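Residue-level structure breakdown
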Amino acid sequence: MKKCTVPSVLFLVCLLFLLPDQGRKLHASAEDDSEELVDPPKVEDRIGAVPHGLSTDSDVAKREAESMSRKTLRSNAERFEFQAEVSRLMDIIINSLYSNKDIFLRELISNASDALDKIRFLSLTDKEVLGEGDTTKLDIQIMLDTDRKILSIRDRGIGMTKEDLIKNLGTIAKSGTSAFVEKMQTSGDLNLIGQFGVGFYSVYLVADYVEVISKHNDDKQYVWESKADGAFAISEDTWNEPLGRGTEIRLHLREEAGEYAEESKLKELVKKYSEFINFPIFLWASKEVDVEVPANEDDSSDKEDEKSETPSEEDGSDDDTEKGDDEKKSKTKTVKEKTYEWELLNDVKAIWLRSPKEVTDEEYVKFYKSLAKDFSDEKPLAWSHFKAEGDVEFKAVLFVPPKAPHDLFESYYSGNKSNLKLYVRRVFISDEFDELLPKYLSFLKGLVDSDTLPLNVSREMLQQHSSLKTIKKKLIRKALDMIRKIADEDPDESNDKEKNDVEATDENDEKKGQYTKFWNEFGKSIKLGIIEDAANRNRLAKLLRFESTKSNGKLTSLDQYIKRMRSGQKDIFYLTGVSKEQLEKSPFLERLIKKNYEVIFFTDPVDEYLMQYLMDYEDKKFQNVSKEGLKIGKDSKGKELKEAFKDLTKWWKGILAGENVDDVKISNRLADSPCVVVTSKYGWSSNMERIMQSQTLADAKKHAYMRGKRVLEINPRHPIIKELQARVAKGPEDKSVKQTAELMYQTALMESGFVLSDPKDFASRIYGSVKNSLNIRPDATPEEEDEVEETKAESSVQEGADSAKEDDRDVKDEL
């Protein structure tokens, strides 16, 4: 046993020496002597000046070009293995986690901004960390090599040491910012998105080989490189130009990611996602300029020959001077030349980070036009700039646009596009969050920038979190206050005589009529808000505007209506219909107007739905004057009239038994009309019936139970009603009296806004009444046409047609 044990032990020891430990650093031997760099020359101390001091000698440029195009890990670099689960996780990140490739640039710019934030924070206590010259410029530079499809993003931030590169880029979701915050427990700008967390690995959506060149003040310049294949390499950088301080990321783009090698695409992404980053973002962009260059010899010789052939009329010094000028001009020509220069991509400042007192109106207007991409000359109607503190901190700027978009309600319930953009620390996240603002306020434009919102690993969407509900509540309150302020500052909205007597100022003139303009554009949205948002229904009701019998063609509010209410009036009267002109002639208003009551006109189809939710306001109930239950003071003769016309109402109800009439009553709302048809209190009004019947998918059977029961109300003081009462007392079975009663009901039904179920029957009754008034026998019928005459007429018409055809033929023959 002992003899067998010793060899086996020796064998195991040998295996332990031969097999490397997982995670141990591996030094790769050179596979090819030609790839090994032996003592490469260093960059000269003083280099030529180019934009931002980026310059190298020719040898260094050659080696750098070779480095950028090799896409292989250097043989003399130290190789490291990613953590055990990193390879699998990177595959998930690249193929599943991110749904939008565009966000890779957002992530890299965000990381660069964080690095700049860090060095700026450290410079508050130690200015020497910024260095001298170009290294003090805190900006982000983007360069593009279209031919090689290499995209570079550079910053002059804090940079990373060799150890930082291993920790931050070799560990999934390792955030350098979190460690920075833990280290710096003092006050300062510590609200930073994690540098080189999971977001960094989004680069492999568009690149198959990545280089990270970084220089920290406390270490040398190093290069991190990886192909996302489970390993990365780090080596000291002796061939690239010295960064001074900061980080440069080079993406070797995939073949299918060719669109990101275009300047226009990069500009679009920066404008969309990183427009409000707190540091300037520059792109090394190309443009064509006109340049004067020497003309070709052939061209100049031709011009000289032409000049020699043309004789001059006069010889003199003036001619010689002119010829000399012509010769100078002919020696040069203008051509288009392609040049490159740094172009600033984010010139719009993040004004929401400043105090509202420091921002001028011109800056708000400029910011709105940039945010909303509105290039018209009109200003926003209002804006609100505020900061919320507490459990959830955020800053927001909201704008009311001057006009409603043409498709505001086309996809009201199906679309998820919002005009409110969500930012996290000035980085755009999304504009598709229904939880930030309700649908009825989707016309508002603006942004929300939060420092405390939790983000998922891809930063592409917010998790369902209670903080969203808190933000939504505050945004709604601020939005409604902003709209209310438009009305409060509008001189036309005030009925205060003292305010109207004050001398008008330019500011008042500018704000005059602003709320009317707002209401004409977005009034329907406020009505939908009353329907949908029960919690803010009273706030929204204050914003409601309408015309009434006393508004004199102008818009009025519920508060103004209540101020004008008569003493003892308990209800707010309103009437719905197609138009104001039609409602003004409605029989429902006759007695109300005579008694000086004000009635609101609702002419929008959505108003019918609105009034089903807006039941009361300031302890005042709403009363539709076309329905039962209307109370207008007290009538001293009410009981007497009811008793006096008891027989007529009973008889009339029997006549209309087949017309779906529930009752016939004495009316308290009529003054000039003989009768009117009203509906039950909780059923559909005549206007609502019309709206529902016009629906494309309307089902008459399903709507039957919602139709209100009809009640015929008669005016006991009208001469027609009095005469009808007398005739019914003499002969209740008289057919002519019955026909008159039925005709009056149908006329009242039509005048009250209902659609007649049998228009033919109504027309027949009208014609019968006309015959009676003209003393024509009821059985009189139209005369029949003579068939012979009709045939002759047809033949004459045919002859005329034939002669016309012959005339046309003659004209054609002549032509």
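Please read all numbers here as calculations on a predicted model, not as lab measurements. (Residues numbered from 1 in each chain as written. Predicted model: local features only at pLDDT ≥ 70, side-chain atom pairs only at ≥ 80, totals over all residues. Heavy atoms only, no water.)

Looking now at unusual backbone geometry. Residues other than glycine seldom take positive phi values, yet Lys-373 does so here, at roughly 55°. Of note, Lys-373 is situated in the loop between α10 (361-372) and β11 (382-388). (Helix = DSSP H or I, 4+ residues; strand = E, 2+ residues; numbered from the N terminus.)

Moving on: the confidence of the model for the protein chain. Overall, the prediction assigns the protein chain a mean pLDDT of 78, with 72% of residues at 70 or greater. Low pLDDT, under 50, characterises residues 300-317; the predicted model gives this stretch seven contacts beyond four residues in sequence or across chains. This stretch, residues 455-461, has a pLDDT under 50; its non-local contacts, to residues over four places away or in other chains, come to 28 contacts. (pLDDT = per-residue confidence, 0-100. Contact = heavy atoms within 4.5 Å.)

Another aspect to go through is the side chain of Asp-449. By the element assignment, Asp-449 lies in strand β15 (residues 445-450). A polar contact is formed between the side chain of Asp-449 and the side chain of Trp-352, at a distance of 2.8 Å. Non-local contacts of Asp-449, meaning those with residues more than four positions away in its chain, are made with Trp-352, Leu-353, Phe-394, Lys-395, Tyr-423, Val-424, Arg-425 and Arg-426. (Polar contact = N/O pair within 3.5 Å; in protein donor to acceptor, adjacent residues only side chain to side chain.)

Note that Trp-224 resides in strand β6 (residues 221-226). For Trp-224, a relative accessible area of 0% corresponds to the buried category. (Buried < 20%, exposed > 50% of the residue type's maximum accessible area, 1.4 Å probe, protein only.)

Here we take up the packing of aromatic side chains. On inspection of all chains with the given rule, the structure shows 19 aromatic pairs. Relative to Phe-232, the ring of Trp-224 has its centre 5.7 Å away and its plane inclined at 25°; by these criteria the two rings are stacked. Of the aromatic side chains, those joined through ring pairs into one cluster are Trp-352, Tyr-364, Phe-367, Tyr-368, Trp-383, Phe-399 and Tyr-423. A cation over an aromatic ring shows up here: Lys-524 above the ring of Phe-409, its NZ or CZ 5.8 Å from the ring centre. (Phe/Tyr/Trp six-rings, centres within 6.5 Å; stacked < 30°, edge-to-face > 60°. Lys NZ or Arg CZ within 6 Å of the ring centre and 35° of its normal.)

Before going further, it helps to examine the sheet that holds strand β21 (residues 661-666). The strand order across the open sheet built from three strands is β21-β23-β22, with neighbouring strands paired in mixed fashion. At either margin of the open sheet sits one strand with a lone partner, and together these are β21 and β22 (675-679). Across the sheet, the mean angle separating the axes of adjacent strands is 25° when strand polarity is ignored. The sheet contact formed by β21 and strand β23 (residues 710-714) spans five bridges and is parallel. Bridge assignment links Val-664 to a residue of β23, and that residue is Leu-712. (Pairing = 2+ DSSP bridges. Axes fitted to C-alpha atoms, helices over the stretch in contact; angles between N-to-C directions.)

A few words now on the side chain of Glu-275. Summarising the element assignment, Glu-275 is placed in the loop between α7 (263-273) and β9 (281-294). Notably, Glu-275 is buried but unbridged: the nearest opposite-charge side chain belongs to Lys-373, and the N-O separation is 4.3 Å. Engagement of the side chain of Glu-275 in a polar contact is seen with the side chain of Ser-370, the distance being 3.0 Å. Beyond its immediate sequence surroundings of up to four residues, Glu-275 is in contact with Val-270, Asn-346, Val-348, Ser-370 and Lys-373. (Lys, Arg positive; Asp, Glu negative; His and termini not counted. Salt bridge = Lys/Arg side-chain N within 4 Å of Asp/Glu carboxyl O.)

A cluster of like positive charges, contributed by Lys-570, Lys-621, Lys-631, Lys-634 and Lys-681, occupies part of the molecular surface. Considering the arrangement of structural elements, one finds Lys-631 in the loop between β20 (620-624) and α20 (638-644). In this structure Lys-631 comes out as exposed when scored by relative accessible area, which is 66%. (Patch = residues over 30% accessible without salt bridge, like charges linked within 9 Å, V, L, I, M, F, W, Y side chains within 5 Å. Areas by Shrake-Rupley, 256 points an atom, 1.4 Å probe, with all protein chains shown as cover. Charge placed at Lys NZ, Arg CZ, Asp CG, Glu CD.)

Nonpolar side chains in soluble globular proteins generally cluster together in the buried interior. Formed by 75 residues in total, the largest nonpolar core has its most connected members in Phe-394, Val-400, Leu-441, Phe-443, Leu-475, Phe-518 and Val-625. Of all the elements, helix α11 (residues 466-489) adds the most residues to this core, at 10 residues. Contacts of Phe-443, omitting those with residues within four sequence positions, involve Val-400, Pro-401, Leu-408, Asn-419, Ile-483, Phe-518, Phe-522 and Ser-525. (Core = buried A, V, L, I, M, F, W, Y, C linked by side-chain atoms within 4.5 Å.)

With that settled, consider α7. Residues spaced three or four apart along an α-helix face the same direction, because each turn holds 3.6 residues. For α7, the complete set of buried residues consists of Glu-263, Lys-265, Leu-266, Leu-269, Val-270 and Tyr-273. For α7, the buried positions fall inside an angular range of 165° around the axis, keeping them on one side. (Arc of directions from axis to C-beta.)

This part covers helix α26 (residues 759-773). The end-to-end C-alpha separation of α26 is 21 Å, in line with the 21 Å expected for 15 residues at 1.5 Å each. Positive backbone phi, at 60°, marks Asn-775, one or two positions downstream of α26. (Expected span 1.5 Å × (residues − 1).)

Let us now look at the pairing of strand β5 (residues 207-215). Within β5, eight of the nine residues are buried, leaving the element largely enclosed by the surrounding structure. Two elements, β5 and strand β8 (residues 246-253), share eight bridges in a ladder whose sense is antiparallel. If you follow Val-212 over to β8, its bridge partner there is Ile-249. As defined by bridge partners, β5 adjoins β6 across six bridges and the pair is classed as antiparallel. In the strand pairing of β6, Ile-213 is matched with Val-223.

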